[in-house]
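So the chains spell out like this:
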Amino acid sequence: MTDARSVLSRLRHELPLSPDHMTWVAEALADGALSDAQAGAFAMGVCARGLQEPERVALTLAMRDSGRVFDWALDGPVLDKHSTGGVGDCVSLVLAPALAACGAYVPMISGRGLGHTGGTLDKLEAIPGFVTELDEARFRQVVGDAGCAIVGASADIAPADKRLYAVRDVTATVDSLDLITASILSKKLAGGLDGLVLDVKVGSGAFMKDMAAADALAKALVRTANAAGCKTSAVISDMSQPLVPSLGNALEVAEVMHVLAGHAQGPLVELCAALGGVVLADAGLAEDVQAGADAIVAAIRDGAAAERFGRMVSMMGGPVHFVDNWQRFLPEATVVREVTAQTGGYVSAIDGEALGLAVVTLGGGRRVETDAIDPAVGMGQVVRLGQQVQKGQPLAVVHAARPDAADRAARAVRAAITVSPETLEAVPALIHSRVD
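Remember, it's a predicted structure, so these values are computed and weren't measured experimentally.

Asker: How do you make sense of the overall build of the protein chain when you look at a structure like this?
Answerer: The number of helices and strands found in the protein chain is 17 helices and 12 strands. Computed over C-alpha atoms, the radius of gyration of the protein chain comes to 22 Å, within 12% of the 22 Å expected from 2.2 N^0.38 for 436 residues, which places it in the range of a compact globule. Counting contacts in the protein chain only where the partners sit at least 6 residues apart, residues at least 24 apart contribute 79% of the total. Entry remark: accessible area of the protein chain is about 17,500 Å², with carbon and sulfur atoms responsible for 51%. Averaging the coordinates of the 36 positive side-chain charges in the protein chain and doing the same for the 51 negative ones gives two points 3 Å apart.

See the structure below:
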């Protein structure tokens, strides 16, 4: 008989856990049969002992199956992308419509800001009227017509993960590789995907600060997802500096709109092409990764991605002509202030996490779940690594609601950006490696 005592005993004595054990755990998490103390003991046991790959796959599938799992009947592959989180990372808003323009369907279940990283849903809600919570019928309609829909997870998507995540947060087990993998993939695989590409970030603005940790997570995610039946690859990308030179919800949407207007260049486009090329090739929509990357860039340049994005926005409550007149719709901060360099030299380091936390302090993110977000605040025109700056030249432009908030953000910017007399030997490449 499977119960909490038997599962926890097997964990403690390092005995293997079967798919039946994991199914019991997931169902007990979802329906409350597992107490908080027992759930915490399970999380701590997994964190201390680790899981073998079959156990990790079984836990992922069990948490996926603890709630609603979508099934699609569409005339193209159902694809998605997931990022492990970074600053200035607005890839989803460009990649989802670009994939749709290339013949895929993208039912993207996304999240809100976490810690110093911005949330995709928060960015989209900077667009007036945009609704990220859709009922299933409307969700299916938007995916079928626009080719993509970016929504929040409903309460019946992987409820076991919601419970376990809350327990992990208060038991110092958030950084367990096995629990991170199961948490990410249980929600993504509930979307009924044919293919998935993972953007695993590494660097000062990411949760994974070094390549060894990023590589381990990428491999765990790819192996687990493929073993669970979803064709998945990962790209390890650099987060030594913000992906785009803007941080904050409306400011990042503006960056997206510049790209969708056809200005297909820079790190945002490069990363979208790298991720899109991989998942299109995996899904058979491109001959190889390079052909897939070329197709993504073409969809951005010729306006096809913008058309899909505009269709999604209007179907999800936003302005009908947002793509054509986005400048008039996005909110603007009341205080806009340049933060200037106090010495001349070269930008040698950028603490992306510190910049992200500065945006949270401005009101652009949440310190507690009930915090309201000000979509207009943030910072723009952030300098890039290796850039030469003169004394008095802007390091960034702060967008704030009040002068005192702008003062605090300015101090945070100066502390986060290092200007040195010597130039960098080399700026880190945006794409470090790929895990297939």
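Asker: Teacher, can you tell me more about the sheet that holds strand 7 (residues 345–350) here?
Answerer: Pairing between sheet strands relies on hydrogen bonds along the backbone, with the strands arranged either parallel or antiparallel. Taken in spatial order, the three strands of this open sheet run 9-7-11, and their pairing is antiparallel. The open sheet has two edge strands with one neighbour each: strand 9 (388–389) and strand 11 (417–420). Relative to strand 9, strand 7 runs antiparallel, the two being bridged by two bridges. Opposite Tyr-346, over in strand 9, you have Gln-388 as the bridge partner. Relative to strand 11, helix 17 (residues 403–416) is tilted by about 50°, and along the sheet it contacts strand 7 and strand 11.

Asker: How do you make sense of the layout of surface pockets when you look at a structure like this?
Answerer: Sizing a probe to match a water molecule and rolling it over the atoms shows the empty space that remains. The space that makes up the second largest pocket amounts to roughly 230 Å³. What lines the second largest pocket is a set of 14 residues, and nearest its centre among them are Leu-251, Ala-254, Trp-326, Leu-330 and Glu-332. Those elements that place two or more of their residues in the lining of the second largest pocket are helix 11 (249–260) and helix 15 (326–329). Broken down by element, the lining of the second largest pocket gets its largest block of residues, five residues, from helix 11. Broken down by class, the residue content of the lining of the second largest pocket amounts to eight nonpolar, four polar and two charged.

Asker: Help me out: how do you make sense of the pattern of salt bridges in this one?
Answerer: If charged atoms from side chains of opposite charge come close, those side chains can pair. Under the criterion given, the structure shown has 19 salt bridges. Between Glu-252 and Lys-123 there is a salt bridge, with its nearest N and O atoms 3.0 Å apart. On the criterion of sequence distance, the pair formed by Glu-252 in helix 11 and Lys-123 in helix 6 (residues 120–124) is long-range, its members being 129 residues apart. Neither residue differs from the other here; Glu-252 and Lys-123 are each classed as buried. Salt-bridge contacts for Arg-337 lead to Asp-407; the nearest nitrogen and oxygen are separated by 2.2 Å. Highlighted residues: Arg-337 in strand 6 (residues 335–340) and Asp-407 in helix 17, separated in sequence by 70 residues. On the basis of relative accessibility, which here comes to 29%, the residue Arg-337 falls in the partly exposed class. Owing to a relative accessible area of 34%, Asp-407 belongs among the partly exposed residues under this scheme.

Asker: Explain the environment of Asp-374 to me, please; I cannot follow it from the model alone.
Answerer: For Asp-374, the location among the structural elements is in the loop between helix 16 (352–364) and strand 8 (378–380). Residue Asp-374 is classed as partly exposed on the basis of its relative accessible area of 27%. The spacing of Asp-374 and Gly-248 is 126 residues in sequence and 9.0 Å in space, taken between C-alpha atoms. Leaving out residues up to four positions away in the same chain, Asp-374 has contacts with Gly-363, Gly-364 and Ala-401. Of the polar contacts made by the side chain of Asp-374, one reaches the backbone nitrogen of Ala-376; its length is 3.0 Å.

Asker: For this particular structure, what's the right way to read helix 5 (residues 91–101)?
Answerer: At 3.6 residues per turn, the α-helix brings residues three or four places apart onto the same side. The buried count for helix 5 comes to 10 of 11 residues, which makes it a mostly enclosed element. For helix 5, the complete set of buried residues consists of Val-91, Ser-92, Leu-93, Val-94, Leu-95, Ala-96, Pro-97, Ala-98, Leu-99 and Ala-100.

Asker: What's the story with the nonpolar core in this structure? I'm lost.
Answerer: Within soluble globular proteins, side chains that are nonpolar tend to cluster in buried spots. In terms of nonpolar packing, the biggest core is built from 122 residues, with Ile-127, Leu-268, Ile-296, Phe-309, Met-312, Phe-322 and Val-413 touching the most fellow members. With nine residues, helix 12 (residues 267–282) is the single largest residue contributor to this core. Not counting residues up to four positions away in its chain, the partners in contact with Met-312 are Leu-124, Phe-130, Val-142, Ala-146, Cys-148, Ala-149 and Ile-150. In this structure, Val-46, Leu-51, Ala-62 and Leu-164 belong to the second largest nonpolar core, which totals 24 residues.

Asker: In this structure, what is going on with the packing of helix 16 against helix 17? I would like to understand it.
Answerer: Two elements in contact, helix 16 and helix 17, have axes separated by 9 Å at closest approach and are oriented at 175°. Taken as axis vectors, helix 16 and helix 17 run roughly antiparallel relative to one another. Here helix 16 contributes Ala-354, Leu-355, Ala-358, Thr-361 and Leu-362 to the contact with helix 17, which in turn contributes Ala-405, Ala-406, Arg-408, Ala-409, Ala-412, Val-413 and Ala-416. Tallied by class, residues from the contact of helix 16 with helix 17 come to 10 nonpolar, one polar and one charged.

Thresholds, definitions, all that
- Position labels on residues start from 1 in each chain and follow its written sequence.
- The model is predicted, so local features are restricted to residues of pLDDT at least 70 and side-chain atom pairs to those at 80 or more, both for listing and for counting; the totals for chains, interfaces and linings are taken over all residues.
- Only hydrogens and water are set aside when side-chain values are computed; all heavy atoms of the structure are taken into account.
- Helix and strand definitions here come from DSSP, where helices need a minimum of 4 consecutive H or I residues and strands a minimum of 2 consecutive E residues; each element is numbered from the N-terminal end.
- For this measure, only C-alpha atoms enter the radius of gyration; the expected value for a globule follows 2.2 Å times N^0.38, where N is the number of residues.
- Should any heavy atoms of two residues lie within 4.5 Å, those residues are counted as being in contact.
- Areas reported as accessible are Shrake-Rupley estimates using a 1.4 Å probe. Residue values count occlusion only from the protein chains shown.
- Counted as positive: Lys and Arg. Counted as negative: Asp and Glu. His and the chain ends are not counted at all.
- Taken as the charge centre is NZ of Lys, CZ of Arg, CG of Asp or CD of Glu, depending on the residue.
- Paired strands, as defined in this entry, are two strands with at least two bridges between them according to DSSP.
- Under this scheme, a helix contributes an axis fitted over its contacting stretch, all axes are lines through C-alpha atoms, and angles between N-to-C directions fall in the 0 to 180 degree range.
- Cavities and pockets are defined on a 1 Å grid built over the protein atoms alone: a cavity is a set of grid points where a 1.4 Å probe fits but cannot escape, while a pocket is an open set with protein on both sides within 12 Å along at least five of seven lines, and lining residues are those with an atom within 4 Å of any such point.
- Grid points are joined across faces, edges and corners, and a volume is the space filled by probe spheres set on the points.
- Nonpolar residues are Ala, Val, Leu, Ile, Met, Phe, Trp, Tyr, Cys and Pro. Charged residues are Asp, Glu, Lys and Arg, and all others, Gly as well, are polar.
- For salt bridges, the criterion is a side-chain nitrogen of Lys or Arg within 4 Å of an Asp or Glu carboxyl oxygen.
- For the exposure calls, accessible area comes from a 1.4 Å probe over protein chains only, and a residue counts as buried if that area is under 20% of its type's maximum, exposed if over 50%, partly exposed in between.
- For the purposes of these results, a polar contact is taken to be a pair of N or O atoms within 3.5 Å, where, inside protein, one atom must be able to donate a hydrogen and its partner to accept one; residues adjacent in sequence count only when each atom of the pair is a side-chain atom.
- Here, nonpolar core means buried Ala, Val, Leu, Ile, Met, Phe, Trp, Tyr and Cys residues that are tied together by side-chain atoms lying within 4.5 Å of each other.
- Every angle not falling under 35 degrees, over 145, or within 65 to 115 is termed oblique; those three ranges are roughly parallel, roughly antiparallel and roughly perpendicular.

Function cannot be read off these values alone, since they describe shape.
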